[in-house]
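Observations on the three-dimensional arrangement
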Amino acid sequence: MRDLDRTDIELCMLLNERPKAGVREYARVLGVARATVSSRIDKLVERGVIGSFAPHFDPGALGFPLGAFVHVTLDQRTLDQATAAILRIPWITEAHSIAGPYDLSCRVVARDHEHLEQITLKLQEVEGVQRTRTEIILRSRIPARHGQLLQALADLRNL
């Protein structure tokens, strides 16, 4: 729980629920000084609790309505080099090392099925990639979220 206190958790909940509200509003809701909120946010960033203030983009609204998970088997000796090459493929929005029969799981966005095939072929050209398996996303049922996680943390802390 990284030693988060009540104010830290409540601030995280506010940032999650109302990301555009601003330091003044967060301070008002929490009943603390603006400098306290700014300092807490800086510390949360420094400790890695807050990883980004970047907006979330909808790939479909950007022209990439097709999503897929592409699982990759790699020559283990090329993991870092292959990851660096995969990083240069713009339609791969995430890649995670995983335990199991595959080494990486990549989240991919594409314009259509033909584009997805082109991306997969480009991925297979990366040195060290031995094989891939693609799973097309039909519909996102639970988007990335953290509100319930923060609430569970707050409940553990008896807030």
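Computed from a predicted structure; not experimentally measured. (Residues numbered from 1 in each chain as written. Predicted model: local features only at pLDDT ≥ 70, side-chain atom pairs only at ≥ 80, totals over all residues. Heavy atoms only, no water.)

A short note on the UniProt feature "domain: HTH asnC-type" (unreviewed entry) in the chain
We count it as follows: UniProt positions are given in the numbering used here, feature names are shortened, and annotations may be inferred rather than shown by experiment. A run of H or I in DSSP becomes a helix once it reaches four residues, and a run of E becomes a strand once it reaches two; helices and strands are each numbered from the N terminus.
Within the UniProt annotation, "domain: HTH asnC-type" (unreviewed entry) is assigned to residues 4–65. With 53% helix and 0% strand, the stretch residues 4–65 has end C-alpha atoms that lie 38 Å from each other.

Describing the pairing of strand β1 (residues 66–74)
To keep it simple, the criterion reads: The buried label goes to any residue with under 20% of its type's maximum accessible area, the exposed label to any with over 50%, and the partly exposed label to all in between, with areas taken from a 1.4 Å probe on protein chains only. If DSSP finds at least two bridges between two strands, the strands pair.
Within β1, eight of the nine residues are buried, which leaves the element mostly enclosed by the surrounding structure. Pairing analysis gives seven bridges linking β1 to strand β3 (residues 104–110), with the strands arranged antiparallel. When the bridges of β3 are listed, Leu66 appears paired with Ala110.

Brief notes about the pattern of salt bridges
Here is the rule we go by: Any carboxyl oxygen of Asp or Glu within 4 Å of a side-chain nitrogen of Lys or Arg constitutes a salt bridge here.
A full pass over the atoms with the stated rule returns seven salt bridges. Glu10 is paired through a salt bridge with Arg6; the nearest N and O atoms lie 3.2 Å apart. Residue Glu10 and its partner Arg6 are both found in helix α1 (residues 6–17); the two are separated by four residues, about one turn of the helix. In this structure Glu10 comes out as partly exposed when scored by relative accessible area, which is 25%. Put simply, Arg28 and Glu25 hold a salt bridge, and the shortest N to O gap is 2.7 Å. Here Arg28 pairs with Glu25, and both are found in helix α2 (residues 23–30), just three residues apart, close to one helical turn.

So, the domain arrangement of the chain
Many descriptions give the size of an interface as the accessible area lost when the pieces come together. Rule in force here: How far each domain reaches was decided by an automatic or database domain assignment.
Looking at the assigned domains, one finds that the chain contains domain 1 (6–55) and domain 2 (59–137). Centre-to-centre separation of domain 1 and domain 2, based on C-alpha positions: 34 Å.

Considering the side chain of Asp103
Inclusion rule: Residues counted as positive are Lys and Arg, residues counted as negative are Asp and Glu, and His and the chain ends are not counted. Contacts were defined at the residue level, with two residues in contact if any of their heavy atoms lie within 4.5 Å.
Summarising the element assignment, Asp103 is placed in the loop between β2 (92–97) and β3. The charged side chain of Asp103 is buried without a salt bridge, its nearest counter-charge being Arg131 at 7.5 Å. The contacts of Asp103, once residues within four sequence positions are left out, are Val72, Thr73, Leu74, Gln76, His96, Ser97 and Ile98.

Overview of the nonpolar core
For soluble globular proteins, nonpolar side chains are generally found buried alongside one another. Applied cut-off: We define a nonpolar core as any set of buried Ala, Val, Leu, Ile, Met, Phe, Trp, Tyr and Cys residues linked to one another through side-chain atoms lying within 4.5 Å.
Val72, Ile86, Ile92, Val108, Leu123 and Val126 are the most contacted members of the largest nonpolar core, which has 19 residues in total. Where this core is concerned, the elements lending two or more residues are β1, α4 (79–87), β3 and α5 (113–124). In this structure Ile86 touches Ile92, Leu104, Cys106, Leu123 and Val126, once residues within four positions along its chain are discounted. Formed by 17 residues, the second largest nonpolar core is a distinct cluster that contains Met13, Leu14, Ala27 and Leu150.

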